[in-house]
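Coordinate analysis (summary)
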Amino acid sequence: MRMTDDEANYLYNELSQIVRQADMGWVLTGVSKELRLGKLEAKKVLTADAEGAEEGAPPSPLKRPPAMFTATTAYPPKDRLRILVGAIEQAWVATTQMDEHIAHVFANEFQRSGNQPVTSFAFRSEDDTHENVSDEAVRARRIEAAAKLKPLITELREAINAA
Amino acid sequence: MQLRTTFLHDMQGALGTAAQLRLGSAEDACNLYATYLFCLTIEAARREGATVHFENVEGSAASPVLFRTSPGSIWTKKPAYTHAVIELPGLPALEAHLGIYVSGKSGEIHECDVALVEQAEAALCRKHEVHPRSSKVVMAARCKFSSAGLPLNLARSFIGLTSDIAAEHRFLVTNTASAPIRRLLTSHKRLWSQEAVPGNAVEINRLRAQFETSIMQYRAKR
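In short, a report on the structure. Owing to the predicted nature of the structure, the values given are computational and were not obtained by experimental measurement.

About the criteria used
Within every chain, residues take consecutive numbers counted from 1 along the sequence as written. Chain A is the first chain written and ligand 1 is the first ligand written, with later ones labelled in order. It should be noted that, the model being predicted, local features are given only for residues of pLDDT at least 70 and side-chain atom pairs only at 80 or more, the latter also being counted only at that level, while totals for whole chains, interfaces and linings use all residues. Water and hydrogen atoms were dropped before computing side-chain values, which therefore reflect all heavy atoms in the structure. A fitted line through C-alpha atoms serves as each axis, taken over the contacting stretch for helices, and the angle formed by two N-to-C directions is quoted from 0 to 180°. Each helix is a run of H or I in the DSSP string that is no shorter than four residues. Each strand is a run of E no shorter than two, and both are numbered from the N terminus. Helix crossings are classified by the rotation of the near helix relative to the far one: an anticlockwise turn of less than a right angle makes the crossing left-handed, while a clockwise turn makes it right-handed. Contacts are assigned to residue pairs with any non-hydrogen atoms lying within 4.5 Å of each other. Following the grouping adopted for this structure description, the nonpolar residues are Ala, Val, Leu, Ile, Met, Phe, Trp, Tyr, Cys and Pro, the charged ones are Asp, Glu, Lys and Arg, and the polar ones are all others, Gly among them. Here the quantity called buried area is the total loss of accessible area, with a 1.4 Å probe, experienced by two parts when brought into contact, counted for both. The salt bridge criterion pairs a side-chain nitrogen of Lys or Arg with a carboxyl oxygen of Asp or Glu, the two atoms within 4 Å. Residues adjacent in sequence count toward polar contacts only when both atoms are side-chain atoms; beyond that, a polar contact is any pair of N or O atoms within 3.5 Å, and within protein one must be able to donate a hydrogen and the other to accept it. The criterion for strand pairing is that DSSP finds at least two bridges linking the strands in question. Within this scheme, the nonpolar core is defined by two criteria: the residues are buried Ala, Val, Leu, Ile, Met, Phe, Trp, Tyr or Cys, and they are joined through side-chain atoms within 4.5 Å. Using a 1.4 Å probe on the protein chains alone, a residue whose accessible area is under 20% of its type maximum counts as buried, one over 50% counts as exposed, and one in between counts as partly exposed.

Remarks on the packing of helix H2 (residues 25-37) of chain A against helix H4 (residues 77-112) of chain A
Residues and elements named next belong to chain A. For the pair H2 and H4, the least separation of the axes is 10 Å and the interaxial angle reads 145°. As H2 packs across H4, the resulting crossing turns out to be right-handed. Of H4, the residues touching H2 (which contributes Trp 26, Val 27, Leu 28, Val 31, Glu 34 and Leu 35) are Arg 80, Ile 83, Leu 84, Ala 87, Ile 88, Ala 91 and Trp 92. Looking at the contact of H2 with H4 residue by residue, the class counts come to eleven nonpolar, no polar and two charged.

Right, here's the structure in full:
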């Protein structure tokens, strides 16, 4: 059954709420920016009509080819939902895969150079006020969340695209 | 196709929280992304026959592995950030850094999310507390992780950046796609990679091959 615009809007709002509850509001900030910008569309415009033609004057006998302009239009509900689903996938699934890849490279490289394999790495600000560690426990939680999420994202995309 | 009635409940259960996942801000995701591209650089060097080890600013073995949360100077001693030392047979060594400033032709400094710098230059800069010159930066990448879309000013600032630190072997790498950015960068002959994420093997292989080309050309010029 085809998803209606109302259903797409409902899912968009519910999913946004779930993302907010997960304290991942930054994901929604990126989505909002994209939605505010709107969808870029190429549009043909007859410039002869707009330039110099007085109101009520007969159309010019000289036909000019239409010029291409760029317009922005609001995303339709299903596209809005697609963008949100893509953002969730990037924030939860893509970052997990990156984290796994980084851990794999560090483990290999440290071992190759004769050192103990490294299983964690950290980001720390110069003033020591912020530190974010990626270790095996964090990675395991990310992997678990991504594994649960992947089939749900597939299910949602199939529902959005169903004819 | 209809969604199951428990779909939203399942989504809620799957997401976890930012605190559990340590992804509380866009910067956390950006840092992870830059580190991922740092690792691709290391892999590219490996494929070019390099050996790699990790050091901190003092030249000691890097333990723990520590990276910046925002751009900084290559000589910062505290915290002792980690960089990779890349040794190519018969060539002067290189260093791969995350989030350092480099100086451009104009003398202004610019942020490079990932930078491959000649080791002699890096050592000189640490000693004298100056920023590496862009002419000694073999490869650099500006990385942008965005949950959705990309602002056009990203391309404009990259064009500005690369007019000062040279355009050759400088990449704008993003996890999402933007056709206007692609068009703008291509028309200005700048290098880019979009949708460069682990799940997109074609793009990742292409990007890693471009990094390899940068290293290969460094070798050829010596």
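Description of the interface of chain B and chain A
Contacts between the two partners involve 61 residues from chain B and, on the opposite side, 62 residues from chain A. The contact between chain B and chain A buries some 5500 Å² in all, and 68% of this surface belongs to carbon and sulfur atoms. Our count for the contact surface shared by chain B and chain A stands at two salt bridges. A salt bridge links Glu 109 of chain A to Arg 46 of chain B; its shortest N-O distance comes to 2.7 Å. The interface formed by chain B and chain A contains 21 residue pairs in polar contact (both at pLDDT 80 or more). Counting only elements with at least two residues in the side of chain B that touches chain A, the list comes to helix H1 (7-15), helix H2 (18-21), helix H3 (26-47), strand S1 (51-56) and strand S2 (65-67) of chain B. Tallying contributions element by element places H3 of chain B first for the side of chain B that touches chain A, with 14 residues. By residue class, the composition of the side of chain B that touches chain A is 33 nonpolar, 20 polar and eight charged. Bridge analysis of strand S3 (residues 121-124) of chain A against S2 of chain B gives three bridges, and the strand direction is parallel. Bridged to Phe 121 of chain A within S2 of chain B is Val 65 of chain B.

Observations regarding helix H6 (residues 179-187) of chain B
One side-chain oxygen of the residue at the start of H6 of chain B lies 3.3 Å from the amide nitrogen of Ile 181 of chain B, identifying that residue as Ser 178 of chain B. One or two steps after H6 of chain B, the chain reaches Lys 189 of chain B, where phi turns positive at roughly 55°.

Observations regarding the sheet that holds S3 of chain A
The sheet built from three strands is open, its strands ordered S4(A)-S3(A)-S2(B) with mixed pairing. With one partner strand each, in any of the chains shown, strand S4 (131-134) of chain A together with S2 of chain B form the two edges of the open sheet. Mean inter-strand twist for the sheet, computed between neighbouring axes without regard to direction, equals 20°.

Thoughts on the nonpolar core
Nonpolar side chains tend toward joint burial in soluble globular proteins. Counting 91 residues, the largest nonpolar core has Met 24, Leu 81, Trp 92 and Phe 106 of chain A together with Phe 38 of chain B as the members making the most contacts within it. Considering every element that reaches this core, the biggest residue donor is H4 of chain A, with 15 residues. Residues in contact with Trp 92 of chain A, not counting those within four places in the same chain, are Val 19, Ala 22, Met 24, Val 27, Ala 145, Ala 146 and Leu 149 of chain A together with Leu 15 and Leu 21 of chain B. Core analysis: the second largest hydrophobic core is formed by 21 residues, Cys 125, Val 137, Leu 150 and Leu 172 of chain B among them.

Examining the side chain of Asn 132 of chain A
Along the chain, the position of Asn 132 of chain A falls in strand S4. Classification of Asn 132 of chain A by relative accessible area gives buried; the value is 8%. Within the structure, the side chain of Asn 132 of chain A is placed 3.3 Å from the side chain of Asp 28 of chain B, a separation counted as a polar contact. Excluding residues within four positions of it along the chain, Asn 132 of chain A makes contact with Phe 121, Ala 122 and Phe 123 of chain A together with Arg 22 and Asp 28 of chain B.

Re the pairing of strand S4 (residues 94-103) of chain B
Residue and element names in this part refer to chain B. Counting buried positions over the ten residues of S4 gives nine, a clear majority of the element. When strand S3 (residues 82-87) meets S4, the two strands line up antiparallel, connected through three bridges. Counted as the bridge partner of Ile 86 is Leu 94 from S4. Counted between consecutive antiparallel strands, the loop separating S3 from S4 contains six residues, among which Gly 90 sits at a positive phi close to 75°. Relative to strand S5 (residues 109-118), S4 runs antiparallel, the two sharing nine bridges. Across the sheet, Ile 100 pairs through a bridge with Cys 112, a residue of S5. Counted along the chain from S4 to the antiparallel partner S5, the turn is five residues long, and its residue Gly 107 has a positive phi close to 95°.

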